[in-house]
Amino acid sequence: MKPNSNPIHALLFLGCVVLGLAPSALRAQVTNYTDKYNNQHTGEDTSETILTPSNVNSSQFGKLWTFTVDDQMYAQPLYAPNISIGGGTHNVVYLATMNN
């Protein structure tokens, strides 16, 4: 293994970078520890207060960025706010690839 190529460190770094780039856009996010927001896997986010059918359109809504990962991703990225890392508190996105 190359120095600094630990996949966990890479994911934590990536999560910190992603969340550091758009802190205002992420304030409305909710913690999501399971697929599709709830244990019934309905996909309904009942706490959503910002996105509405009128403002989710091609002129006001879309992809903000992309990142290259080391292999294919088949798992849903998970967002977790206020995670203690290295003495600080960070909002983190966890990703899993086929390359671990």
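Residues numbered from 1 in each chain as written. Predicted model: local features only at pLDDT ≥ 70, side-chain atom pairs only at ≥ 80, totals over all residues. Heavy atoms only, no water.

Q: It is not clear to me how the overall build of the protein should be interpreted in this structure. Could you clarify?
A: A count of helical and extended segments in the protein gives two helices and two strands. The N-to-C order of helical and strand elements in the protein reads α-α-β-β. Taken across its 100 residues, the protein has 15% of its residues classed as buried. Sequence separation of at least 24 residues holds for 51% of the intrachain contacts in the protein that already meet a minimum separation of 6. As presented, the protein carries roughly 7700 Å² of accessible surface, and 55% of it is formed by carbon and sulfur atoms. (Helix = DSSP H or I, 4+ residues; strand = E, 2+ residues; numbered from the N terminus. Buried < 20%, exposed > 50% of the residue type's maximum accessible area, 1.4 Å probe, protein only. Contact = heavy atoms within 4.5 Å. Areas by Shrake-Rupley, 256 points an atom, 1.4 Å probe, with all protein chains shown as cover.)

Q: What is the right way to look at the pairing of strand β2 (residues 88-94) in this model?
A: Moving residue by residue along a regular strand, the side chains alternate between the two faces of the sheet. Sheet topology note: the strand β1 (residues 78-85)/β2 ladder contains six bridges and is antiparallel. Bridge pairing links Tyr-79 to Val-93 in β2. (Pairing = 2+ DSSP bridges.)

Q: Help me out: how do you make sense of unusual backbone geometry in this one?
A: What is expected of a backbone is that most residues other than glycine have negative phi and most peptide bonds are trans. Backbone geometry places His-41, a non-glycine residue, at a positive phi of 55°. Inspection of the secondary structure puts His-41 in the loop between α2 (23-26) and β1. Classification of His-41 as partly exposed rests on a relative accessible area of 41%. Not every positive phi belongs to a glycine, and Asn-100 is a case in point at roughly 60°. Here Asn-100 lies in the segment after β2.

Q: What is the right way to read the confidence of the model for the protein from this model?
A: In regions of low pLDDT, the predicted coordinates are not meant to be interpreted in detail. In this model, the protein carries an average pLDDT of 75, and 69% of its residues clear a pLDDT of 70 or more. For the protein, per-element mean pLDDT is lowest for α2, which scores 48, and highest for β2, which scores 91. This model gives residues 21-26 a pLDDT under 50, and the stretch forms four contacts once residues within four places in sequence are excluded. (pLDDT = per-residue confidence, 0-100.)

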